[in-house]
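Descriptive analysis of the structure
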Amino acid sequence: MIRRLAVALSLALAACQSAPLPIPFMGSSAPKGICAGAGFVIDTEFAAAGRHACVIAPDGSAVISVDHEPAVVEGINPSPWFAFRVTSEEARHLAVTLDYTDYNHRYAPWISTDNHAWTPLPADRVTLNDRKTRATLKLDVPKGAMWVAGQPVSSAEDNVNWTRDALSGRGFDGQRYGKSLEGRDLVGFVGGGGIDAIVVLTRQHPPETSGQEAYRGFLERLLKRTDAPAIAFRARHRIIIAPMPNPDGVDRGYWRLNAGGVDLNRDWVTQTQPETRALASWIKEQAGNRHVVSMMDFHSTDKTVIYAPPLTAPSPTIDFLKALKTKFDTTLAHPPEWNYAHRADSGNSKSWALETLKAPGITVELWDQIPAADARALGAAAADALIEYFGQ
């Protein structure tokens, strides 16, 4: 009996030696992961990473769930953001399936090896199921780290720092106008005195980085034009800038909301959240007795479209909308659609601007997949329209 057990044990040990089990990646520099395979780890330990869980399938591929944040109001805008990092001991081919449960794949994947320079993953490397609720990505992972995300990752700090650098030496003051729900600084910039004012903001909704690109094109053109109308415009207008109204949502990788589970761009009337209360109060404080000629809020969606109040709305500068549309139509290769409407209780920045500041609030929506150069061109055209209409 003992001899039979010894033989069985010897055979079992031999089988284990001939077909070793995969050993998870355990390198000393490896991040703590949401899952680990044979020689690689997948993690979300960086600002603006998505809300993910992960398993390794029997064939060695990874399946990652794409989850949204808790929401106070039932239902959430379908913006299924994903962002994760793969750290590998060696170069490898890796299949990763994104599981959206009942949501659809929206963002075309981007990849990076340093979380700064990004390139789109070729479309033939992405396969969707029939319902578009699962997307399988075929990745060529290098030795080291690869980031994969629905858009180039841009943390809360990133756009604040970009704005600070763009404004440097131009007479702008950076101000902490409040704290987010989780205690992050709410940072704005203001420059110029003048008798009128404009307001510009972006990233109320975390993943909407194509809107941020348009915002950057807008500021660059507004600041860098040196002709007489541009100089006159900057002398006449106080420029009020909010580059990151939702730092908690951005850095937590949320789809739409803030840390309180609220859509900030539906909170401008009731102002239940500290971010909206602080921003609305600061804008009014900085505008003072000046007339706000326009308030532009840059976003992203599934197409490029401008949401504006009706041309009959009670604002002394409502005719600027005609000039803005003409500028887009005559200078852009693909002019945006326009949608004119106003509802006082909608809770968005556009309606708040009209009701509170008597200014035409404009929501500038950029297509998710618009090339960065085209997004910046649209932002620049918006700045040109402002300068040419109000800088005379």
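Now for a description of the structure that goes with this document. (Residues numbered from 1 in each chain as written. Predicted model: local features only at pLDDT ≥ 70, side-chain atom pairs only at ≥ 80, totals over all residues. Heavy atoms only, no water.)

With the rule as written, the count across this model stands at one disulfide. Each disulfide pairs two cysteine sulfurs, and for C35 the partner residue is C54, the sulfurs being separated by 1.9 Å. Of note, the bridge from C35 to C54 carries an S-S torsion of about 40° and is right-handed in sense. Remark: C54 occurs in strand 3 (residues 51-56) and C35 occurs in strand 1 (residues 35-37); sequence separation between them is 19 residues. There is no split in this pair, since C35 and C54 are both buried. (Disulfide = S-S within 2.5 Å. Helix = DSSP H or I, 4+ residues; strand = E, 2+ residues; numbered from the N terminus. Buried < 20%, exposed > 50% of the residue type's maximum accessible area, 1.4 Å probe, protein only.)

A few words now on the packing of aromatic side chains. Going through the model one piece at a time under the given rule, you end up with eleven aromatic pairs. Taking 6.3 Å as the distance between ring centres and 55° as the angle between the ring planes, the aromatic pair formed by W162 and Y215 counts as tilted. Placement of W162 in helix 2 (residues 156-167) and of Y215 in helix 3 (residues 209-224) is noted, with a sequence separation of 53 residues between them. The exposure class of Y215 is buried, given its relative accessible area of 0%. With 5.5 Å between their ring centres and 20° between their planes, W338 and Y340 make a pair best called stacked. (Phe/Tyr/Trp six-rings, centres within 6.5 Å; stacked < 30°, edge-to-face > 60°.)

Before going further, it helps to examine the pattern of salt bridges. Inspection of every chain in the model, using the stated rule, returns 25 salt bridges. Close ionic contact of D251 with R184 constitutes a salt bridge, the shortest N to O distance being 3.8 Å. Separated by 67 residues along the polypeptide, D251 in helix 5 (residues 247-251) and R184 in the loop between strand 12 (172-179) and strand 13 (185-191) bring together distant segments of the chain. For E337, the salt bridge identified is with K303, shortest N-O distance 3.1 Å. Pair noted here: E337 is in strand 18 (residues 337-340) and K303 is in the loop between strand 16 (291-301) and strand 17 (305-308), with a separation of 34 residues, a long-range link. (Salt bridge = Lys/Arg side-chain N within 4 Å of Asp/Glu carboxyl O.)

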